[in-house]
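Tertiary structure, described
Below, each chain spelled out in residue letters.
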Amino acid sequence: MSNVEESQRQKKIGSVLQRDLVDVLQGAATRGGMHGILISVSKVKVTVDLSVAKVYLSIFPNDEAKELLVGIKSNSPLIRHELAQRTKNQLRRMPNLEFFIDDSLEYIDQIDKSLKGQENPIKDPSMLDKRKKS
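Read on for a plain summary of the structure. The written sequence of each chain sets the order in which its residues are numbered from 1. Given that this is a predicted model, residues contribute local features only at a pLDDT of at least 70 and side-chain atom pairs are listed and counted only at 80 or more, while totals for whole chains, interfaces and linings are drawn from all residues. The side-chain values count all of the structure's non-hydrogen atoms but skip hydrogen atoms and water molecules.

1. Considering the overall build of the protein chain
Each helix is a run of DSSP H or I of at least 4 residues and each strand a run of E of at least 2, with the numbering of both proceeding from the N terminus. The secondary structure content of the protein chain amounts to five helices and three strands. Counted from the first residue to the last, the protein chain has its helices and strands arranged as α-β-β-α-α-β-α-α. Counting over 134 residues, the protein chain shows a buried share of 31%. A sequence separation of at least 24 residues applies to 56% of the contacts in the protein chain between residues at least 6 apart. Element-wise, carbon and sulfur atoms account for 54% of the exposed surface of the protein chain, whose accessible area totals about 9,500 Å². Whether a residue is buried, partly exposed or exposed follows from its accessible area with a 1.4 Å probe, protein chains only, as a fraction of its type maximum: under 20%, in between, or over 50%, in that order. For this analysis, residues touch if any pair of their heavy atoms sits within 4.5 Å. Shrake-Rupley sampling with a 1.4 Å probe provides the accessible areas, and residues are treated as covered by the protein chains on show and by no other component.

2. A word on the sheet that holds strand β3 (residues 96–101)
Taking strand neighbours across the sheet as the criterion, the three strands line up as β1-β2-β3 in an open arrangement whose pairing is mixed. The open sheet terminates on both sides in strands that have one partner only, identified here as β1 (38–46) and β3. Sheet twist, expressed as the mean angle between neighbouring strand axes with direction ignored, is 30 degrees. Seen against the sheet, helix α1 (residues 8–31) touches β1, β2 (52–60) and β3 and runs at an angle of roughly 155 degrees to β1. Any two strands with at least two DSSP bridges between them are considered paired. Note on definitions: angles span 0 to 180 degrees between N-to-C directions of axes, and those axes are lines fitted to C-alpha atoms, for helices only across the stretch in contact.

3. Observations concerning the side chain of Ser51
Locating Ser51 in the fold gives a position in the loop between β1 and β2. Setting aside its immediate chain neighbours within four residues, Ser51 contacts Pro95 and Asn96.

4. Focus on a nonpolar patch on the surface
Patch definition: residues with relative accessible area over 30% and no salt bridge; like charges joined within 9 Å; nonpolar side chains (Val, Leu, Ile, Met, Phe, Trp, Tyr) joined within 5 Å. Any carboxyl oxygen of Asp or Glu within 4 Å of a side-chain nitrogen of Lys or Arg constitutes a salt bridge here. On the surface, a nonpolar cluster with roughly 470 Å² of combined accessible area is contributed by Tyr107, Ile108, Ile111 and Leu115. Residue class for Ile111 comes out partly exposed when judged on its relative accessible area of 37%.

Remember that the coordinates give geometry; whether it matters functionally is a separate question.
What follows is the structure, encoded as structure tokens:
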């Protein structure tokens, strides 16, 4: 797959979905009794044929992210339906939604800590084990 620049249409649909997804997801979390959880949609990438939207989520606190992602994925049809209702004047067809955790903020935080010397794998060799991908 070539790395082609997103079309204006893809970007427009992505931004429409991104804006409404924040409301839908945060509202569902609050209604579900999950207080103190912040869900943000960091980006939405729509495929060229506009059939799939890849949704990247940042969830705080981070230790809740995996569990919350499972719940979001299992409720994907309901989320898609609510989005379709909200965007019916803007979109003819609602793309299928695929959800992912965007861990770029965590990655940036790790780099920041390393640069500040808060984590030093030379002084603390156990740090290296944490960095290895499983």
